[in-house]
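This is what each chain is made of:
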Amino acid sequence: QVQLLESGGGLVQPGGSLRLSCWASARDFSIYTMAWYRQAPDRQRELVATINKRGDKTYRDSVRGRFTISRDNPRSMMYLQMNELKPEDTAVYYCNARKPLETDSWGEGTQVTVSS
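So, a few notes on the structure that sits alongside this text. (Residues numbered from 1 in each chain as written. Predicted model: local features only at pLDDT ≥ 70, side-chain atom pairs only at ≥ 80, totals over all residues. Heavy atoms only, no water.)

Before going further, it helps to examine the overall build of the chain. Assigned secondary structure in the chain consists of zero helices and 11 strands. Mapped in sequence order, the helices and strands of the chain form the string β-β-β-β-β-β-β-β-β-β-β. By the compact-globule yardstick of 13 Å for 116 residues, the chain fits well, its C-alpha radius of gyration being 13 Å. Along the first, second and third principal axes, the C-alpha set of the chain runs to 40 × 25 × 25 Å. Buried positions account for 47% of the 116 residues belonging to the chain. Element-wise, carbon and sulfur atoms account for 46% of the exposed surface of the chain, whose accessible area totals about 6,500 Å². Where the 16 positive side-chain charges of the chain centre and where its 13 negative ones centre are 5 Å apart. (Helix = DSSP H or I, 4+ residues; strand = E, 2+ residues; numbered from the N terminus. Rg over C-alpha atoms; globule rule 2.2 N^0.38 Å. Buried < 20%, exposed > 50% of the residue type's maximum accessible area, 1.4 Å probe, protein only. Areas by Shrake-Rupley, 256 points an atom, 1.4 Å probe, with all protein chains shown as cover. Lys, Arg positive; Asp, Glu negative; His and termini not counted. Charge placed at Lys NZ, Arg CZ, Asp CG, Glu CD.)

Next up on the list: the state of the cysteines. Enumeration according to the criterion identifies one disulfide in this entry. Disulfide pairing places C22 opposite C95 at an S-S distance of 1.9 Å. Since a negative S-S torsion denotes a left-handed disulfide, the C22-C95 link at about -70° is left-handed. Here C22, found in strand β3 (residues 18-24), pairs with C95, found in strand β9 (residues 91-98); they are 73 residues apart in sequence, far enough to count as distant. With respect to burial, C22 and C95 carry one shared label: buried. (Disulfide = S-S within 2.5 Å.)

This paragraph deals with the environment of W106. Locating W106 in the fold gives a position in strand β10 (residues 105-106). Each C-alpha atom, one on W106 and one on N96, is 4.8 Å from the other, the two residues being 10 residues apart in sequence. Leave out the neighbours within four places in its chain, and W106 touches L4, Y37, R45, Y94, C95 and N96. (Contact = heavy atoms within 4.5 Å.)

What follows deals with the sheet that holds strand β7 (residues 67-72). Reading across the sheet, the four strands line up as β1-β3-β8-β7 and stay open at both edges, with antiparallel pairing between neighbours. The open sheet is flanked by β1 (4-7) and β7, the only strands paired with a single partner. Taking each pair of neighbouring strands and ignoring which way they run, the sheet shows an average axis angle of 15°. Judged from the four bridges that link them, β1 and β3 form a sheet pairing that is antiparallel. Across the sheet, L5 pairs through a bridge with W23, a residue of β3. (Pairing = 2+ DSSP bridges. Axes fitted to C-alpha atoms, helices over the stretch in contact; angles between N-to-C directions.)

The full count for this structure, using the stated rule, is 10 salt bridges. Here R60 makes a salt bridge to E46, at a shortest N to O gap of 3.5 Å. Highlighted residues: R60 in the loop between β6 (57-59) and β7 and E46 in strand β5 (residues 46-51), separated in sequence by 14 residues. Judged by its relative accessible area of 28%, R60 falls in the partly exposed class. The buried category is assigned to E46, whose relative accessible area is 19%. A network of salt bridges, in which partner residues are shared, links R38, E46, R60, R66 and D89. (Salt bridge = Lys/Arg side-chain N within 4 Å of Asp/Glu carboxyl O.)

Have a look at this one:
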């Protein structure tokens, strides 16, 4: 498994922006499919965005056009640029790493709070 460390969460007003970062300990980081998940209080964890080893990206409908996922393979980093934040984006955001024949790895999470 891979050690994942998230950072960049915080408190922001509606309409504001945040950039989340995730560092992975994997030497073969470039072959992992990476993802951001989030979990709000009393709700199930949900997939926010993914980026595979080719750089193909997917987004859940509610964040498409506002969030951008990216990766920097030489630095073993993944990012989530979040713009036009809404109160319903409030959640703990988790970094996830996946590759075949290996159990998924998860970070500890970083809190994002959108409130005036």
